[in-house]
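A look at the structure
The chain contents come next:
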Amino acid sequence: MKEINYEYRMPKLIVNLLTTLMFAAFTAYQVYLYFEIEEQRLGRLFGIGIFVCLFLASAFSLIRFDWARVIFRVLLIAGLIAYFLLKLLSINTIFSKLDFSNIPTVLNCAIFIFAELALLILVVYYLALRPNIYLRVKRKPTVILMSVVIALFVSCLVMECILILGFGMNIELKLRYTLISRFFYCFAFVGLAVGFMIPVSLPGNMIKEIEDKKMQEFAPGEVDDDFIF
């Protein structure tokens, strides 16, 4: 048990670090756009605040102390819920322009739906399942849900690239910067999902608690292949 517990510590650290860098890069780009584009500054400012929360949450995930984990959870949930609600404000605009004979409007609508669904899954997963991840939740549901999240964000990236490169739409200042920022955005959330998929590292006292619980739940010789580790 202990060997398995520490086996994933380095991969998880690397994924969390890359996720932090992706959120930092995307947030920096949004700050750059705030000063360069005069339109929709209020909405962009709210967006910057949300991504600062997500960046800080990712940064605190690199610190292995209980107080850092608490800050991580608060910032992450606050950021995800706020971002979901902020995007929800544009629902009327998105659907009022929807024309099934116009491919860009269909793609914009699909991007909106996919992103909102992915954010909703992240929020529900973290609030409903993640608190019980150590003792009651098996690994398989986590892998399934996070795989769906990854597929949704990658699909958004593909559709964004089609809009940008194929139709010349949604370009902010320069095509190259816009395209790179979309990759930062996608990889940040993909990294977040992958980080959840990697088994957690637990302190020794929690390992003993899990071992005791497993002894009570399973008869000798039984193996739970889907256990979190």
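The notes below deal with the structure included here. (Residues numbered from 1 in each chain as written. Predicted model: local features only at pLDDT ≥ 70, side-chain atom pairs only at ≥ 80, totals over all residues. Heavy atoms only, no water.)

The next subject is the overall build of the protein chain. Secondary structure summary: the protein chain contains 9 helices and 0 strands in total. Each helix (α) and strand (β) of the protein chain, taken in turn from the N terminus, gives the series α-α-α-α-α-α-α-α-α. For the protein chain, the proportion of its 229 residues judged to be buried stands at 41%. Counted over contacts in the protein chain with a minimum sequence separation of 6, partners at least 24 positions apart contribute 74%. Counting only carbon and sulfur atoms, one obtains 68% of the accessible surface of the protein chain, whose full area is about 12,700 Å². (Helix = DSSP H or I, 4+ residues; strand = E, 2+ residues; numbered from the N terminus. Buried < 20%, exposed > 50% of the residue type's maximum accessible area, 1.4 Å probe, protein only. Contact = heavy atoms within 4.5 Å. Areas by Shrake-Rupley, 256 points an atom, 1.4 Å probe, with all protein chains shown as cover.)

The next point concerns the packing of helix α4 (residues 66-88) against helix α6 (residues 103-129). The N-to-C vectors of α4 and α6 enclose an angle of 150 degrees; their axes lie 10 Å apart at closest approach. Here α4 is positioned roughly antiparallel relative to α6, judged by the angle of their axes. Handedness of the α4/α6 crossing: left-handed. When α4 is examined against α6, the residues F72, R73, L76, I77, L80, I81, Y83, F84, K87 and L88 are found in contact with a partner set consisting of F112, A115, E116, L119, L120, L122, V123, Y126 and L127. Split into classes, the residues belonging to the contact of α4 with α6 amount to 16 nonpolar, no polar and 3 charged. (Axes fitted to C-alpha atoms, helices over the stretch in contact; angles between N-to-C directions. Parallel < 35°, antiparallel > 145°, perpendicular 65-115°, else oblique. Left-handed = near helix turned anticlockwise from the far one by under 90°. Nonpolar A, V, L, I, M, F, W, Y, C, P; charged D, E, K, R; others polar.)

Glancing now at the pattern of salt bridges. As enumerated under the stated definition, the model contains 3 salt bridges in all. The residue R69 makes a salt bridge to D66 at a minimum N-O spacing of 3.2 Å. Taken together, the positions of R69 and D66, both in helix α4 and 3 residues apart, correspond to about one turn of that helix. Two residues, E172 and R182, come together in a salt bridge whose shortest N-O distance is 3.4 Å. Of this pair, E172 sits in the loop between α7 (139-167) and α8 (175-197) while R182 is found in helix α8, placing the two residues 10 residues apart along the sequence. You'll find E172 and R182 in the same group, each marked buried. In the salt-bridge network here, residues are joined through shared partners; they are E160, E172 and R182. (Salt bridge = Lys/Arg side-chain N within 4 Å of Asp/Glu carboxyl O.)

Residue placement: T19 occurs in helix α2 (residues 9-36). Residue contacts for T19: discarding those within four places in its chain leaves S58, A188, G191 and L192.

Looking now at the nonpolar core. Side chains of a nonpolar character, in soluble globular proteins, are inclined to be buried together. Grouped together as the largest cluster of nonpolar side chains are 46 residues, with contacts concentrated most on L76, L80, L122, F153, F189 and F196. Filtering out sequence-adjacent residues up to four positions away, L76 remains in contact with L54, A57, Y126, L192 and F196. (Core = buried A, V, L, I, M, F, W, Y, C linked by side-chain atoms within 4.5 Å.)

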